[in-house]
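Descriptive structure summary
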Amino acid sequence: MEKNSEATDNSNKRENRERLAQEALIYLITVVGSGLASAFYGRSIIETAGLLILAAVGMGAVVFSIEQGIEKETFLFDNDVHLLRFALLYLLSLCGCLLFPMLPVGGWPYLAVFISLTIFSNQVTGISAGTVLLMITCMLYSGNGSEFFIYFIGGLIGATVFSYVNITFKVVLPLVISLMMQLVCLALQEVLFVNETLHLDMLLIPVVNLLVCTILLLILLKYFSFAVIYSKRDLYMDMNDPECPLLVELKNTSKDEYYHAIHTAYLCDRIAKRLNMDDALVKACGYYHRIGILRGENSWENAQTILEENQFPQRVKEILKEYLDKSESIRSGETVVLLFSDTVISSINYLFSKEPNIQLDYEKIIGGIFKKRIESGIIDYSDLTFGQLQEMKKILTEEKLYYDFLR
């Protein structure tokens, strides 16, 4: 166990070093690239110095937001363990920001930049990084400053609405809202800040910008769904097969524990789908929440060893650690779903073991379980709302026919 702990510590230290190296790299490239671009566009020494200072300070805020996001676990999806994706996307966006001054001011596709940086990190980091890049472009362009606010407002709206996209990946409404706001902002740019007579041709560049942003976002979202949303679907399909080797081993060790896991996973799956959670993730937690029994006691230490040996996804390990490690507080909604699913199956199985033909009042049993768990304070700090708890209670109560099969 000490060797496993030491290996985990070494792995964490290596990941921290790699992350700091990536942050230092994007910081230096941003500052150096801004200085070289300023010279290329013929800016004065004073302007270049000002750009370098602002770029350095702005990137300091970006790096800080990355570190804070990792510490507070506010990154979207699994972005905290895949920072390289953000770093590469940021560098690509940086190249664009240094080239945008060559385009008409209404043709900068910053909506795609803000949204892409947000969904591959988190809201604060995406907005911070997008703002720094926009500031660099505007200072290189040397306009009247109005273009900064126009693109910032459009990017801010896009980053905000897309930061609420969850694992179900329903992006149509956020995409429509972002594009419409982008069109409004760009139209205002042309109408209010360009000293020309109003005519339809003025909207040509904003419309082209909108089309470019749409294409870029569709490509980006397609990649995002492939690389992030559905990247682990095949892995989860294998894990969630009741006949997979690890579950077969559990079955050979204890049929009671095996069938308990099967029933718990079923309830987890039903609840997760109704609450718009990652059902494959929650179902996997239901299957493997007692896997530590293979090493004797169902402790977190035993479960951790098995999960790491079989290379389970990080999110599964985090949820099971919350559930099995008594020193951890329950914060994740997925852990709460596992808690109630496991408790309901355990309670009903216990009652049937005492008297197989007993007629149970499932609604009363489930109501008592919820009352007891809520009064215990065990879920006080979880991120499930009261409405979600009530919906979960309703789902569990509806499964009366399924519980009869547990006799």
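Going by the structure above, here's the rest.
First things first, this report covers the structure right here in the doc. (Residues numbered from 1 in each chain as written. Predicted model: local features only at pLDDT ≥ 70, side-chain atom pairs only at ≥ 80, totals over all residues. Heavy atoms only, no water.)

Take S346: it is sitting in helix α15 (residues 333–354). Taking C-alpha positions, S346 is 8.9 Å from T264, a pair spaced 82 residues apart along the chain. Polar side-chain contacts of S346 include one of 2.9 Å to the backbone oxygen of D342. (Helix = DSSP H or I, 4+ residues; strand = E, 2+ residues; numbered from the N terminus. Polar contact = N/O pair within 3.5 Å; in protein donor to acceptor, adjacent residues only side chain to side chain.)

This brings us to helix α6 (residues 146–162). An ideal rise of 1.5 Å per residue puts 24 Å on 17 residues; α6 measures up with 25 Å between its terminal C-alpha atoms. If you check which residues of α6 are buried, you get S146, E147, I150, Y151, G154, G155, G158, A159 and F162. (Expected span 1.5 Å × (residues − 1). Buried < 20%, exposed > 50% of the residue type's maximum accessible area, 1.4 Å probe, protein only.)

What follows is about the packing of aromatic side chains. With the rule as written, the count across this model stands at 18 aromatic pairs. Ring geometry for F40 and Y41: centres 5.2 Å apart, planes at 80°, overall edge-to-face. Among the residues examined, Y41 registers a relative accessible area of 18% and is labelled buried. On the basis of an interplanar angle of 20° and a centroid distance of 4.2 Å, the ring pair of F340 and F370 is categorised as stacked. Residue F340 is found in helix α15, and its partner F370 is found in helix α16 (residues 362–376); the two are separated by 30 residues along the sequence. Overall, the relative accessible area of 3% leaves F370 in the buried class. Pairwise contacts between aromatic rings join F100, W108, Y110, F114, Y141 and Y151 into one cluster. (Phe/Tyr/Trp six-rings, centres within 6.5 Å; stacked < 30°, edge-to-face > 60°.)

The biggest cluster of nonpolar side chains holds 60 residues, and the ones touching the most others in it are Y288, I291, V316, F340, M392, L396 and Y403. The leading source of residues in this core is α15, at 9 residues. Not counting the four nearest positions on each side in its chain, V316 is found in contact with Y236, M239, L281, A284 and C285. Of all hydrophobic cores here, the second largest spans 57 residues; its members include V62, L98, A112 and L175. (Core = buried A, V, L, I, M, F, W, Y, C linked by side-chain atoms within 4.5 Å. Contact = heavy atoms within 4.5 Å.)

Let's shift gears to the state of the cysteines. Within the structure shown, the criterion is met by 0 disulfides. Its sulfur unpaired, C97 is 8.5 Å from the next cysteine sulfur, which belongs to C95. Look at C97 and you get buried, because its relative accessible area is 0%. Not engaged in a disulfide, the cysteine C213 finds its nearest cysteine sulfur in C185; these two sulfurs lie 12 Å apart. (Disulfide = S-S within 2.5 Å.)

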